[in-house]
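Single-letter residue listing:
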Amino acid sequence: MSEPAVTLPDDAAHDTVVKALSEIVGPDAVLADEESRAYFSQDVYAHGALTTAVVKPATVEQLADVVRTATSRGYAVFPRGGGYSYTDAYLPTTEKGITLDLTALDKVVEISAQDMYVTVEAGCTWQALDEALKPHGVRAEFWGPLSGFQATIGGGMSQGAASLGSAKDGISAEAVLGMDIVTADGRVIATGSNAQDSKQPFFRYYGPDLTGLFCGDAGALGIKARITLRLQRRAPLNQGLSFGFETFEAMHEAMQRIAASNRATECFGFTARAMEDAIASKGFWTDIKLMFAVGRAAGGAIGGLIQMARMAFAGRRFARRAKFFAHCVVEAYNTTELRGHIKTIRSVAGTLGRDFPNTMPSVMRAEPFMPYPVIGIGGRRMLPLHSILPFSQVPAFHTALEQLLEDRKDELDAVGMKVPAIYTTLSTNGFLYEPVLYWPDQPELFHLKHTPDELIAPMKDQAENRQGRDLSKQMFNEIVNLMHEHGGVHLQIGKAYPYVLDRTPEHTGLLRQIKAQIDPNNLLNPGALGLAAEQVKNIP
């Protein structure tokens, strides 16, 4: 991970800017105590420089005024949504910096079920949006990451997100119609058809696509204020399908075929170890509650009872009966369509593996926004990393990764590190490969604030594992190198993934020119995308 740049604090200047910001948003919306500053300067994995203050604007006008006031005094601004980054995305790189907590910008501004769009403020969570859309019989085309109970839509646009809806419709950026962006000097720029006052925000491609410019920019090009998303009619029926495989190659081939059919709304895979971890933390009563949720979500009384019965009969034992698993969810507007989708997927995947009880996809669809863990089972620290690869490159990358893990086995064992993996298909042409590093260690403030007492308790008793942390950094760099050798790209770039590595001078030069026009003093999330000159040639 990148090391934060440290500057000498100026207490008088800090007091002045904190007072000025308090006058904009009110004193209760500015946090300058040590614990708040420390917490907002951490993410799931790392620490940044200690932020000067945390400011929580409640309106777009306040946001613009806060940004203008901070940058005019030479303070950098670091936008933060739900906080579930592990790539230094919002971590300060200077102690002369203001953290923007955007969670109070949470309004659903407009729902147009006729014109099929919704406009929200950037701090609205994916779960809150989905609840607001349900009464209208619609939902967002991409409708959130699994952390969507706290992850925000603005964060999903800045970082890029994948999960719910991704197998059919792609990632978060592919569902955006337009945005309102705050620049470094506090101006608000609209994109898409909404850039003209006389037009609704219903269409994205009205001339050059400025909307795409601000997708995945990690906040380096502008602060998201409002986002408009495309809607689709909510399907009343869904069913999960699960398959077990003896080899990674068979699972990958099955997922590729499912993706090419474009019939699954979600399609994801697990190693057996990741599968066991994913279902190990739920108790009996949670299982009962989830089964009833599955029954409600399945659509239709008979279908719900069948799914509940299959879950009760199967239990969790099936997770030990294969080495790899692929799960998908199919949706439909009537039973004939649903049966057709199921038949298609079974015909393309069933010859490579075996049908398994559909517990995992059914639970995921019944409770899509369950609390998202920031530690692993048994109180382990975790560092997820990922790459999106062309299907043709996935087997070779998998082989190379397995060889790396075998070569480093003694070191991994010495610190207690495990590396299971999770897989997701993105539309018809992308395979997201996500290894997760787990190791025993003590918790940080971030973990304590985001984890229930009963889950964090084992972690509090563990010894500090600096060797594990050091090895996690080494493994991150080595695995990311392998990903790039096999043609991989990334979401959630933040300040960790090597976005500018191996890019042409023309590409990087143009991007820097755009950055200079919007943010001439490099005060919008400096360090994001690796745009600082010293970050261009090396993986952090």
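Residues numbered from 1 in each chain as written. Predicted model: local features only at pLDDT ≥ 70, side-chain atom pairs only at ≥ 80, totals over all residues. Heavy atoms only, no water.

Caption draft 1: Structural detail: the overall build of the protein chain. The helix and strand tally for the protein chain stands at 19 helices and 18 strands. For the protein chain, the proportion of its 540 residues judged to be buried stands at 57%. In the protein chain, once contacts between residues fewer than 6 apart in sequence are set aside, the share between residues at least 24 apart is 76%. Here the protein chain displays about 22,300 Å² of accessible surface, and carbon together with sulfur accounts for 53% of that area. (Helix = DSSP H or I, 4+ residues; strand = E, 2+ residues; numbered from the N terminus. Buried < 20%, exposed > 50% of the residue type's maximum accessible area, 1.4 Å probe, protein only. Contact = heavy atoms within 4.5 Å. Areas by Shrake-Rupley, 256 points an atom, 1.4 Å probe, with all protein chains shown as cover.)

Caption draft 2: Local environment of the pairing of strand β10 (residues 223-233). Of all 11 residues that make up β10, eight are buried, and the element is covered over most of its length. Examined bridge by bridge, strand β6 (residues 117-121) and β10 share five bridges and lie antiparallel to one another. What sits directly across from V118, in β10, is L229. Of the strand pairs in this sheet, strand β7 (residues 138-140) and β10 are connected by three bridges, and their pairing is antiparallel. In the sheet register, V138 faces β10, and the bridge partner there is R233. (Pairing = 2+ DSSP bridges.)

Caption draft 3: Summary view of the sheet that holds strand β1 (residues 30-31). Across the sheet, four strands lie side by side as β1-β2-β4-β3; this open sheet has mixed pairing. Strands with a single pairing partner mark the edges of an open sheet, and in this sheet they are β1 and β3 (76-80). In this sheet, strand β2 (residues 53-55) lies alongside β1 in antiparallel orientation, the contact comprising two bridges. In the strand pairing of β2, V30 is matched with V55. Along the sheet, helix α3 (residues 60-72) contacts β2, β3 and β4 (97-101); its crossing angle with β4, the most-contacted strand, is approximately 170 degrees. (Axes fitted to C-alpha atoms, helices over the stretch in contact; angles between N-to-C directions.)

Caption draft 4: Layout of the layout of surface pockets. When its volume is computed, the second largest pocket comes out at roughly 730 Å³. If you go around the second largest pocket, you meet 36 residues; those closest to its centre are V489, H490, I493, Y499 and R503. The set of elements that each furnish at least two residues to the lining of the second largest pocket consists of α5 (153-159), α7 (210-213), β16 (387-389) and α19 (505-518). Residue classes in the lining of the second largest pocket are distributed as 20 nonpolar, 12 polar and four charged. (1 Å grid on protein atoms, 1.4 Å probe; cavity = no way out; pocket = protein on both sides within 12 Å on 5 of 7 lines; lining within 4 Å. Points joined across faces, edges and corners; volume = space filled by probe spheres on them. Nonpolar A, V, L, I, M, F, W, Y, C, P; charged D, E, K, R; others polar.)

Caption draft 5: Highlighting the packing of aromatic side chains. One pass over the full model with this rule turns up 19 aromatic pairs. Judged by centre distance (5.4 Å) and plane angle (65 degrees), the rings of F248 and Y423 are edge-to-face. In this pair, F248 sits in helix α8 (residues 248-261) while Y423 sits in strand β17 (residues 421-426), placing the two residues 175 residues apart along the sequence. An identical accessibility class is assigned to F248 and Y423; each is buried. Members of the aromatic cluster, each reached through a chain of ring pairs, are F248, F324, F391, F397, Y423, F431 and Y433. Directly above the aromatic system of Y75 lies the positively charged group of K96, at a separation of 5.3 Å from the ring centroid. Just above the ring of Y39 sits the side chain of K449; from NZ or CZ to the centre is 5.4 Å. (Phe/Tyr/Trp six-rings, centres within 6.5 Å; stacked < 30°, edge-to-face > 60°. Lys NZ or Arg CZ within 6 Å of the ring centre and 35° of its normal.)

Caption draft 6: Here's a closer look at helix α13 (residues 359-366). Within α13, eight of the eight residues are buried, which leaves it mostly tucked inside the rest of the structure. Among all positions of α13, only T359, M360, P361, S362, V363, M364, R365 and A366 are buried.

Caption draft 7: Looking closely at the pattern of salt bridges. The full count for this structure, using the stated rule, is 26 salt bridges. Here D413 makes a salt bridge to K409, at a shortest N to O gap of 2.8 Å. Residue D413 and its partner K409 are both found in helix α15 (residues 409-415); the two are separated by four residues, about one turn of the helix. According to the relative accessible area criterion, D413 is partly exposed, its value standing at 40%. In this structure K409 comes out as partly exposed when scored by relative accessible area, which is 39%. Where R469 meets E464, a salt bridge forms, and the shortest distance between an N and an O atom there is 3.8 Å. (Salt bridge = Lys/Arg side-chain N within 4 Å of Asp/Glu carboxyl O.)

Caption draft 8: Examining the packing of helix α14 (residues 394-407) against helix α18 (residues 466-485) more closely. The geometry of α14 relative to α18 is characterised by a closest axis approach of 10 Å and an angle of 155 degrees between their N-to-C directions. In terms of orientation, α14 lies roughly antiparallel with respect to α18. Crossing angle aside, the handedness with which α14 passes α18 is right-handed. Each of F397, A400, L401, L404 and L405 in α14 lies in contact with α18, whose residues at this interface are M475, E478, I479, L482 and M483. (Parallel < 35°, antiparallel > 145°, perpendicular 65-115°, else oblique. Left-handed = near helix turned anticlockwise from the far one by under 90°.)

Caption draft 9: Just α3, in detail. If you check α3, its first and last C-alpha atoms are 18 Å apart, about what 13 residues at 1.5 Å a residue would give, namely 18 Å. Considered for burial, the residues of α3 that qualify are V60, Q62, L63, A64, V66, V67, T69, A70 and T71. The positive-phi residue at the C-terminal boundary of α3 is G74, with phi of around 85 degrees. (Expected span 1.5 Å × (residues − 1).)

Caption draft 10: Structural view of the pairing of strand β11 (residues 237-245). Most of β11 sits inside the fold, with eight of its nine residues counted as buried. Relative to strand β13 (residues 324-332), β11 runs antiparallel, the two being bridged by nine bridges. By the bridge assignment, F243 is partnered in β13 with A326.

Caption draft 11: View of the nonpolar core. Counting 138 residues, the largest nonpolar core has I98, L229 and Y433 as the members making the most contacts within it. Residue contacts for L229: discarding those within four places in its chain leaves M116, Y117, V118, W126, L129, A140, I153, M157, A175, V176 and L177. (Core = buried A, V, L, I, M, F, W, Y, C linked by side-chain atoms within 4.5 Å.)

Caption draft 12: Layout of the side chain of S362. Topologically, S362 is positioned in helix α13. For S362, a relative accessible area of 4% corresponds to the buried category. Within the structure, the side chain of S362 is placed 2.7 Å from the backbone oxygen of N358, a separation counted as a polar contact. (Polar contact = N/O pair within 3.5 Å; in protein donor to acceptor, adjacent residues only side chain to side chain.)

Caption draft 13: View of the confidence of the model for the protein chain. In this model, the protein chain carries an average pLDDT of 88, and 88% of its residues clear a pLDDT of 70 or more. Long-range and interchain partners of residues 281-316, a stretch whose pLDDT sits below 50, account for 48 contacts in this model, where long-range means more than four residues apart. Contacts for the low-pLDDT stretch residues 533-540, under 50 throughout, to residues beyond four places or in other chains number 21 contacts. (pLDDT = per-residue confidence, 0-100.)

Caption draft 14: Here's a closer look at the side chain of Q42. Mapped onto the elements, Q42 comes out in the loop between α2 (34-39) and β2. Given the relative accessible area of 5%, Q42 is considered buried. Of note is the side chain of Q42, whose polar atom sits 3.0 Å from the backbone nitrogen of F446.

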